[in-house]
Amino acid sequence: MALLPIRIFGDPILRERAAEVTGFDVALRRLADDMLATMRAARGAGLAANQVGVLKRLFTWEVADERHGAYANPEVLEVSEEIQEGEEGCLSFPGLFYPTIRPLRARLRVRDVTGDEHEIEGEGLLARIFLHEIDHLNGVLFIDHLARHDRKEAMRRIRAGELEHPPPPEERPARAPDSPAA
Ligand SMILES: [Zn+2]
């Protein structure tokens, strides 16, 4: 398994739409394994393929109770009207966390790395991660969801160079389990 470099905000690939996965082969499984390892090393809860420079509709995720997975070609079937508020971060914005409103529940259709189709439902943190990663695959970033003043502050911090000199993962403040970087 290899750790892949994570693309940081400013890299144009983060604004591109990723393409459908068509080959459910050894190369895809290797990419998923590498992404899972990369995500864990960075202490993230989710990682989309664009974030490691690959324009394929694939993301990995993991939550505290050791549930994890890799999903390809996710489609949102339904989201709840009920929302959740909470801090959210992104591995492409190391060290930045802001309150981000998301639906409380999301139901998806996905394929696993062997190509089998599944319908899954996430609530709370899982819904937040799934929707954050699907946004990535469409070139959408969490700062796009922020309240105006938070977005302004985030952009000011980015311009000041905070993303170029983030603290290493092990020195970042411990986040509440519902504040994922993904
Ligand atoms: Zn992200």
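These lines cover the structure that appears in this document, whether it is placed above or below. In this text, all values refer to a predicted model and were calculated from it rather than measured experimentally. (Residues numbered from 1 in each chain as written. Predicted model: local features only at pLDDT ≥ 70, side-chain atom pairs only at ≥ 80, totals over all residues.)

## Some thoughts on the overall build of the protein chain
Definition in use: Secondary structure counts use DSSP, requiring at least four H or I residues in a row for a helix and at least two E residues in a row for a strand, with both numbered from the N terminus. Values of the radius of gyration come from C-alpha atoms, whereas the globule rule sets the reference at 2.2 Å times the count of residues to the power 0.38. Once C-beta atoms have been placed from the backbone, residue pairs whose C-beta atoms lie within 7 Å are recorded as contacts.
Looking only at helices and strands, the protein chain features three helices and nine strands. When the helices and strands of the protein chain are placed in sequence order, the string is α-β-β-β-β-β-β-β-β-β-α-α. Since a compact globule built from 182 residues should have a radius of gyration of about 16 Å, the 15 Å found for the protein chain is in line with a globular shape. In terms of overall dimensions, the protein chain has a C-alpha envelope of 45 × 40 × 30 Å along the principal axes. Counted over contacts in the protein chain with a minimum sequence separation of 6, partners at least 24 positions apart contribute 69%.

## Details of the environment of Gly-89
Let me state the cut-off plainly: For the exposure call, what matters is how many other C-beta atoms sit within 10 Å of a residue's own: 20 or more marks it buried, 12 or fewer exposed, and in between partly exposed, using C-beta atoms placed from the backbone.
Residue placement: Gly-89 occurs in strand 5 (residues 87-89). Among the residues examined, Gly-89 registers 22 C-beta atoms within 10 Å and is labelled buried. With 58 residues separating them along the chain, Gly-89 and Leu-31 place their C-alpha atoms 23 Å apart. Dropping the residues within four chain positions of it, Gly-89 is found in contact with Leu-96, Phe-97, Ser-179, Pro-180 and Ala-181.

## Some remarks on the nonpolar core
Threshold: We define the nonpolar core as any set of buried residues of the types Ala, Val, Leu, Ile, Met, Phe, Trp, Tyr and Cys, connected via C-beta atoms lying within 7 Å of each other.
Core analysis: the biggest nonpolar cluster contains 39 residues, and Ala-32, Met-35, Ala-49, Leu-58, Phe-59 and Phe-130 have the highest contact counts within it. Examining the composition of this core, we find that seven residues originate from one element, helix 2 (residues 125-137), more than from any other. Not counting residues within four places of it along the chain, the set of residues in contact with Phe-59 comprises Gly-46, Leu-47, Ala-48, Ala-49, Tyr-71, Glu-133 and Leu-137.

## Some remarks on helix 1 (residues 26-41)
Short version of the rule: Helix span is expected to be 1.5 Å times the residue number reduced by one.
Between its terminal C-alpha atoms helix 1 stretches 23 Å, which fits the 22 Å expected from 16 residues at 1.5 Å a residue. Looking at the packing, one finds that the buried side of helix 1 touches strand 1 (46-48), strand 2 (58-62) and strand 3 (68-79). Count one or two residues on from helix 1 and you reach Arg-43, which has phi positive near 60°.

## What to know about the sheet that holds strand 8 (residues 105-111)
This is how it is decided: Strands are treated as partners if at least two bridges between them are detected by DSSP. To obtain each axis, a line is fitted to C-alpha atoms, and for helices this fit is confined to the stretch in contact; angles are then taken between N-to-C directions over 0 to 180 degrees.
Read across the open sheet, the five strands follow the order 1-2-3-8-9; overall the sheet is antiparallel. Whereas interior strands pair on both sides, the edge strands pair on one side only; in this sheet they are strand 1 and strand 9 (117-123). Averaged over all pairs of adjacent strands, the angle between their axes in this sheet comes to 40°, without regard to strand direction. Two elements, strand 1 and strand 2, share three bridges in a ladder whose sense is antiparallel. Looking at strand 2, one finds that Ala-48 is bridged to Phe-59. Running over the sheet, helix 1 touches strand 1, strand 2 and strand 3 and is turned about 45° from strand 2. Each of strand 1, strand 2, strand 3, strand 8 and strand 9 touches helix 2; the most contacted strand, strand 1, lies at about 15° to it.

## What about the environment of Leu-14?
Looking at the element boundaries, Leu-14 is found in the segment before helix 1. You can call Leu-14 buried: it has 20 C-beta atoms within 10 Å. If we ignore the near neighbours within four places in the chain, the residues touching Leu-14 are Arg-7, Phe-9, Asn-50, Ser-92 and Leu-141.

## Some thoughts on the pairing of strand 3
Where a strand is regular, its side chains alternate between the two sheet faces. Sheet analysis places strand 2 next to strand 3, joined by five bridges and oriented antiparallel. Opposite Thr-60, over in strand 3, you have Ala-70 as the bridge partner. Connecting strand 2 to the next strand, strand 3, in antiparallel fashion are five residues, including Glu-66 with a positive phi near 70°. Of the pairings in the sheet, the one linking strand 3 to strand 8 comprises five bridges and is antiparallel in character. Along strand 8, the bridge assignment pairs Glu-75 with Arg-109.

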